[in-house]
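# Structural features, examined
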Protein chains: 2
Amino acid sequence: MPHMQDDFPLLMSTLYDHGVRHYPDQEIVSVDSDLSITRTTYANTDARIRRLATAFFERLGLERGDVIGTFAWNNHRHHELYWATANTGVMCHTLNLRLFPEQLVYVINHGGDRVLFVDENLAGLIAPIVDQLKTVERFVVMGGNAADSGLPDPLAYEELIDGLDEHGPWPQLDERSPLMLCYSSGTTGNPKGVAYTQRSTYLHTISCLANFPILATDNVLPVVPMFHASAWGYPFQAVPMGAKLTYPGPDLSPEGLVKLFLDEAVTFSAGVPTVWLGIQQYLDANPDIELPSMRAFLCGGSAVPRAMTDWFWKNRGIRVVQGWGMTETNPIASVSLLMPWMEEWDFERQLDVFETQGRIVPGLQYKIVDEFGEELPHDGEAFGELLIRGPWIAAEYYKDDRTEQSFVDGWLRTGDVCKVTPEGYIKITDRAKDLIKSGGEWISSIDLENEIMAHPDVAEATVVGLKHVKWQERPVAFVVVREGATVTADDISEHLADRVAKWWLPDEIVFVDEIPKTGTGKFDKKVVRDQYADLLM
Amino acid sequence: MPHMQDDFPLLMSTLYDHGVRHYPDQEIVSVDSDLSITRTTYANTDARIRRLATAFFERLGLERGDVIGTFAWNNHRHHELYWATANTGVMCHTLNLRLFPEQLVYVINHGGDRVLFVDENLAGLIAPIVDQLKTVERFVVMGGNAADSGLPDPLAYEELIDGLDEHGPWPQLDERSPLMLCYSSGTTGNPKGVAYTQRSTYLHTISCLANFPILATDNVLPVVPMFHASAWGYPFQAVPMGAKLTYPGPDLSPEGLVKLFLDEAVTFSAGVPTVWLGIQQYLDANPDIELPSMRAFLCGGSAVPRAMTDWFWKNRGIRVVQGWGMTETNPIASVSLLMPWMEEWDFERQLDVFETQGRIVPGLQYKIVDEFGEELPHDGEAFGELLIRGPWIAAEYYKDDRTEQSFVDGWLRTGDVCKVTPEGYIKITDRAKDLIKSGGEWISSIDLENEIMAHPDVAEATVVGLKHVKWQERPVAFVVVREGATVTADDISEHLADRVAKWWLPDEIVFVDEIPKTGTGKFDKKVVRDQYADLLM
């Protein structure tokens, strides 16, 4: 017998019940595939979630531990699937809409998805690969006319849950049982899966809430997709606190998002930098549009441009808070919040903080190490690979023998090279594999590309290290010029001259129409490196 | 191999390291036994905690799992003992200064304390019982001159930790290992112990922070003793968040506390109603004293008078937030926070909310049941015993065969009889054993005594049910008249006539000089019942 109820499992259903019990009338607003709006409440959604849970077992023949796939935008049905799986112990495999068909086939087969839930306007992406799916038994179409989906023997979601009894009290699952399966779209080889457990997601949820609260007065709009590391956990964080949720559906245009922000009085949103850059541009062109209800954006996924953070604060009074994490960290691991005494600083100095990836969330442990695994000081100068561990960090890749490369002695190797300031702010210098080793010294490809992108006529730039006979590797920049602008390699070099050490200057500056990107919209440096492998040889 | 790092233990040392790492310069202020003030920082305290941890093993010969006892006020050395034990897996048994000598002997022997840490000005309470202590090997005296303590072969705390190496990284303990032993001073029989585990205390800490945050900008002064359910967990909550801590030592007078509130700019404090009633009286007599930095008091331990909550808000702009818990709930289980829409209500209506014991903290589950164990509705009318369960609730009493009476099918029987409103606010009606059953109907002794205490000439009142031939039980009131006032039984009856049902009126109103109290200052109704058992027969 334990002294305390240490056998009482940490289950998402406990947090779910708390939210629904206390905030039955809180709203959930959702943009559907056809851009119509569904407006509902926690209580009504609860009834649908309980009918969906019943459907899992009684109509779809699923058992606890089975996997369903979702291929959907951020919308209320996706929300229902999140919670119906989390509450019952069915695993929810959120499929990335942006994967290539062969990757989709791989992850669905590898995950062993038995049923696929597909938004009606996305069915066209699944229909062509149906024959290659080995484990899928049924397709459920969400919204629209299922019969027109092009999927074999489709079930309509609304019919599936219609007329069923509501699932009763949620089961007491093992806290180590998985509730969600997310694949990280690595740039090499097949995607690698991470199976979030009840315990890890519970601890992520409650620890993030203690670190950077969502309140019952908030209206949370996750722009970050629900197929991308559980929309950074916001559907899980909002419900226990009784916050309003606004799901934007397929329209992620600046106009569409800004309209929703205004119509629904959104207070908090989260997404990658390109989303906010688009919104900045739109608001800049529409100076009359204020966003009075918005208090902050969480921004992550790649480095947040300082100028953008500056712009939103000075022009709209919105704080852009940088967060950092990975699929393997379920996902939020650090947030760039100010320490109390920094609130007094002038904004330029605060921007130095907002430019970092922030401080680690309480509950996690981390260190930076050199190439021999030796721990480095947190002096803001030394940089090494970030290693992280804690109760919501992955311990393995799902049924994958690539686990060994990334997990060492209980630590996750993040592959990110970082400095840490004495105050504990983490600043990513580069991806370990993108650092450029020139004559025995390291050059940060990210620092270089940020400096190039600071040039007003540059739209996008990436820098990679290419093989060099004398120096081993040398940096080469690939630049997309802003529409209507003209810029030469000399202009860029001159722009860089004051900003970086002379030996960092790229050996070549190549102008391109487009930089190849990965499934999650990041620069695909591997493709660039492969394509230009012999440029300097 | 688990999917996520579900084997990574939930340890207080992880939260501790987070706070000390990020807030080394945060202050800890402490009033010593001689009323002098010690002013130190997290970093300096960390060095002392690490030397104390070394002393446990190298000088005191303790092993992990051994028990030390503390007999101390709220001060910085007590804080050091809290964390040195929590971080190393030594158990900290916090001894209640207000226990009777025979109870002290019982709990020290029952806990198996090997070393006692005693404040110098409390040594006189331990010296007379030394011969009866069976397990204590050493006495450590905190502050002052150890040699004068009257304890056998005493060690001075400062000498104990002097010159030692600082303990290195904290051990990876089992999350189910106990870190603290607290005895609940039941009114019947010997005190019952509860052994808080790492996991339960971690989850209490992080869940309370998510529910009702302490911030790095806060300065927390726990008036609630560190020997009483870990000062409601505030020493554990403050450190991870980097909040300033102010420990009041032995001077808990209104003057002493108010001076500290002002000198140290305290923002948040916690204690029982009598503390705040004293402060209210003091401030009422000193209308020039404002408390501009104070944002809220957490108030619990017994019902919070509505008039007091009203007074502090209207006269000093301070919110009195009612909390509820027990030693068995480690200890906070509910907090009377407003829901967002209630912020718009007028204050009278808000007082109805503040008068409740609040809503349960996310992570716990509860129900109210009738005498047959049947669940009752949450309609604000039905009342029954509150049952509670969750990851920071006790599962047993420590080495005690009285566990069975209080724990049923994984639920803790709180012994409190409650109503629950549709919004989930819990309102305690009475202790189950104090409810009065008159002719088959229930009368709440607490409601009755609150109504009597609302009479301006009444200082204190308690109501008990005494045996009655016809009605089985009938209420009898025991009243202490306010100094200088005169009041008759008829005055009281008249005062009650408009406030309670006629059949609730006490059969007798007995005027007394003093009402017997328990070790924690609550009315000891058992003593009253025993003394007057035959009054109505």
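Details of the structure are given in the entry above.
Per chain, residues are indexed from 1 in the order of the written sequence. Think of it this way: whatever chain is written first is A, whatever ligand is written first is 1, and the rest follow in order. Totals for whole chains, interfaces and linings use all residues, but because this is a predicted model, local features are given only for residues with pLDDT of at least 70 and pairs of side-chain atoms are given and counted only at 80 or more.

## A short note on the overall build of chain A
The helix count covers DSSP runs of H or I at least four residues long, the strand count covers runs of E at least two residues long, and both are numbered beginning at the N terminus. Secondary structure summary: chain A contains 16 helices and 26 strands in total. The reference for a compact globule is 2.2 Å times residues^0.38; the radius of gyration itself is calculated from the C-alpha atoms. On C-alpha atoms alone, chain A measures out to a radius of gyration of 24 Å, which is about the 24 Å that the 2.2 N^0.38 rule sets for 537 residues. Exposure in this text rests on C-beta crowding, where 20 or more other C-beta atoms within 10 Å of a residue's own make it buried, 12 or fewer make it exposed, and counts in between make it partly exposed. The C-beta atoms are placed from the backbone. Relative to its full complement of 537 residues, chain A shows a buried share of 51%. Within chain A, contacts between residues at least 6 apart in sequence are counted, and of these 66% link residues at least 24 apart. By the convention adopted here, residues make contact when the C-beta atoms placed from their backbones lie within 7 Å.

## Considerations on the pairing of strand β25 (residues 472-481) of chain B
In the case of a regular strand, side chains alternate between the two sheet surfaces. Residue and element names in this part refer to chain B. By the convention used here, strands pair only if DSSP detects at least 2 bridges between them. Here 10 bridges tie strand β24 (residues 458-468) to β25, and the two strands are oriented antiparallel to one another. Residue G465 lies in a different strand from β25, and its bridge partner there is P475. Between the end of β24 and the start of β25, which pair antiparallel, lie 3 residues.

## A few points about the pairing of strand β21 (residues 426-431) of chain B
Residues and elements named next belong to chain B. In terms of burial, β21 is largely enclosed, as 5 of its 6 residues are buried. Sheet topology note: the strand β20 (residues 411-420)/β21 ladder contains 5 bridges and is antiparallel. Bridge assignment links D416 to a residue of β21, and that residue is R431. Joining the antiparallel neighbours β20 and β21 is a turn of 5 residues, in which G424 adopts a positive phi near 95°.

## What to know about the sheet that holds strand β7 (residues 155-156) of chain A
All names here are of chain A. Ordered by their spatial adjacency, 7 strands build an open sheet running β7-β6-β5-β3-β4-β8-β9, and the pairing between neighbours is mixed. With partners counted over all chains shown, the strands left at the sheet margins are β7 and β9 (192-197), one partner each. By the bridge criterion, 6 bridges tie strand β8 (residues 178-184) to β9 in an arrangement that is antiparallel. Bridge pairing links L181 to A195 in β9. Against the sheet, helix α3 (residues 76-88) contacts β3 (67-71), β4 (91-94), β5 (115-119), β6 (138-142) and β8, and its axis sits at roughly 145° relative to β4. To get an axis, fit a line to the C-alpha atoms, keeping to the stretch in contact for a helix; angles then go from 0 to 180 degrees between the N-to-C directions. Of the strands in this sheet, β8 and β9 are in contact with helix α7 (residues 198-211), which crosses β9 at around 75°.

## Notes on the interface of chain B and chain A
Contacts between the two partners involve 46 residues from chain B and, on the opposite side, 46 residues from chain A. Mapped onto the side of chain B that touches chain A, the elements with two or more residues apiece are α1 (12-22), β9 (192-197) and α7 (198-211) of chain B. The element contributing the most residues to the side of chain B that touches chain A is α7(B), with 6 residues. Classifying every residue of the side of chain B that touches chain A gives 24 nonpolar, 14 polar and 8 charged. Residues are grouped as follows: nonpolar covers Ala, Val, Leu, Ile, Met, Phe, Trp, Tyr, Cys and Pro; charged covers Asp, Glu, Lys and Arg; every other residue, Gly included, is treated as polar.

## So, helix α10 (residues 273-285) of chain B
Residues and elements named next belong to chain B. For α10, which comprises 13 residues, the first-to-last C-alpha distance of 18 Å matches the rise-based estimate of 18 Å (1.5 Å per residue) to within 8%. What α10 keeps buried is the set P273, W276, I279, Q280 and L283. Seen from one end, α10 has its buried residues packed into an arc of 125°, which puts them on one side. Turned more than 90 degrees away from the buried face of α10, the exposed residues are T274, Q281 and A285. Contacts from the buried residues of α10 go to α9 (254-264), β12 (268-271), β13 (296-299), α11 (306-316) and β14 (319-325). For a helix, the expected span equals 1.5 Å multiplied by the number of residues minus one. The directions considered for the arc are those from the helix axis to the C-beta atoms.

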